[in-house]
Amino acid sequence: MEHLLTFYYATIFLLLVLLGFALGAGGGGWLKADLKACFVCIGLLVCIAGPLVYSTNLRAAHADVCMKSAHAYHAKGGARESQALFQRTISLDPMEDRYYLSFAEDLFAQAKRAGRTSGRERLTDRSSRLLAQAQALAPYKYEPIADLGMLYTWWATATTDREIMDARGRTADKYYEQVLTLSPNHVNFWTERAYVNMRV
């Protein structure tokens, strides 16, 4: 897919160059073309066509295809493949917060299946960092903050170390406090916050 994107942009650029030379040559033919006029035409065409090409950027479409493929592998239990595809998705469109949310959800699901292993800690920690990145990209969306609260709630109950449990519980409560500031009428968030304070 990546080579097709490169070919697409190279073709657009080549067409602009050819069109620029055609306009610069006027009716006098290629051999009599005024190079200065040709370069001026090419520059103008790039300035005009550049934003149009950017607005039809195929990288966003490529990223969506990668994310759908990642979800398909996740459904089949292909952890390694889904992670690689989510990473590719983010590299194609790093400013889209929903890709970080989806990747974090994938890692969190893997962490829940991992049992009491170091892998579970690593997956959960990575998931929390992805959610924090999503929050940074979309600070006024409540989804990443609510997901962080849910993640830390589960993470707190997944340990037997009381000190770690309390620390994670306080972190979960902090995120629920933030999300309730953004969405104070969301009943589920109040319920989840009460659960944190009851269990941890």
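Refer to the preceding data block for the structure.
Everything quoted here is computed from the prediction, not taken from an experiment. (Residues numbered from 1 in each chain as written. Predicted model: local features only at pLDDT ≥ 70, side-chain atom pairs only at ≥ 80, totals over all residues. Heavy atoms only, no water.)

A.B. asks: So what's going on with a nonpolar patch on the surface? Which residues, and what values?
C.D. replies: A cluster of nonpolar side chains, Y140, Y142 and L182, forms an exposed patch at the surface whose accessible area comes to about 350 Å². Its place among the elements puts Y142 in the loop between helix 6 (118–137) and helix 7 (143–157). (Patch = residues over 30% accessible without salt bridge, like charges linked within 9 Å, V, L, I, M, F, W, Y side chains within 5 Å. Areas by Shrake-Rupley, 256 points an atom, 1.4 Å probe, with all protein chains shown as cover. Salt bridge = Lys/Arg side-chain N within 4 Å of Asp/Glu carboxyl O. Helix = DSSP H or I, 4+ residues; strand = E, 2+ residues; numbered from the N terminus.)

A.B. asks: Tell me what's going on with helix 8 (residues 162–182), and back it up with residues and numbers.
C.D. replies: Along its 21 residues, helix 8 runs 31 Å from first to last C-alpha, staying within 8% of the 30 Å computed at 1.5 Å per residue. Within the span of helix 8, buried status applies to M165, R168, G169, A172, D173, Y175, Y176, V179 and L180. Buried residues in helix 8, looked at end-on, bunch into an arc of 165°, giving them a common side. Turned more than 90 degrees away from the buried face of helix 8, the exposed residues are E163, R170 and T181. (Expected span 1.5 Å × (residues − 1). Buried < 20%, exposed > 50% of the residue type's maximum accessible area, 1.4 Å probe, protein only. Arc of directions from axis to C-beta.)

A.B. asks: Residues and numbers for the pattern of salt bridges, please.
C.D. replies: Per the counting criterion, the structure on display carries seven salt bridges. As a salt-bridge pair, D64 and R98 come within 2.8 Å of each other at their nearest N and O atoms. Of this pair, D64 sits in helix 3 (residues 58–75) while R98 sits in helix 5 (residues 97–113), and the two are 34 residues apart along the sequence. The class of D64 is partly exposed, set by a relative accessible area of 23%. For R98, a relative accessible area of 34% puts it in the partly exposed group. Between E121 and R168 there is a salt bridge, and its shortest N-O distance comes to 2.8 Å. Placement of E121 in helix 6 and of R168 in helix 8 is noted, with a sequence separation of 47 residues between them. Here E121 falls in the partly exposed class, since its relative accessible area comes to 29%.

A.B. asks: Outline the environment of L107, listing residues and values.
C.D. replies: Following the sequence through the fold, L107 ends up in helix 5. When the C-alpha atoms of L107 and L130 are compared, they prove to be 9.5 Å apart, with 23 residues separating the residues in sequence. Setting aside anything within four residues of it in sequence, one finds L107 in contact with Q83, L123, R126, S127 and L130. (Contact = heavy atoms within 4.5 Å.)

So far we have only geometry, and geometry alone does not tell us how the molecule works.
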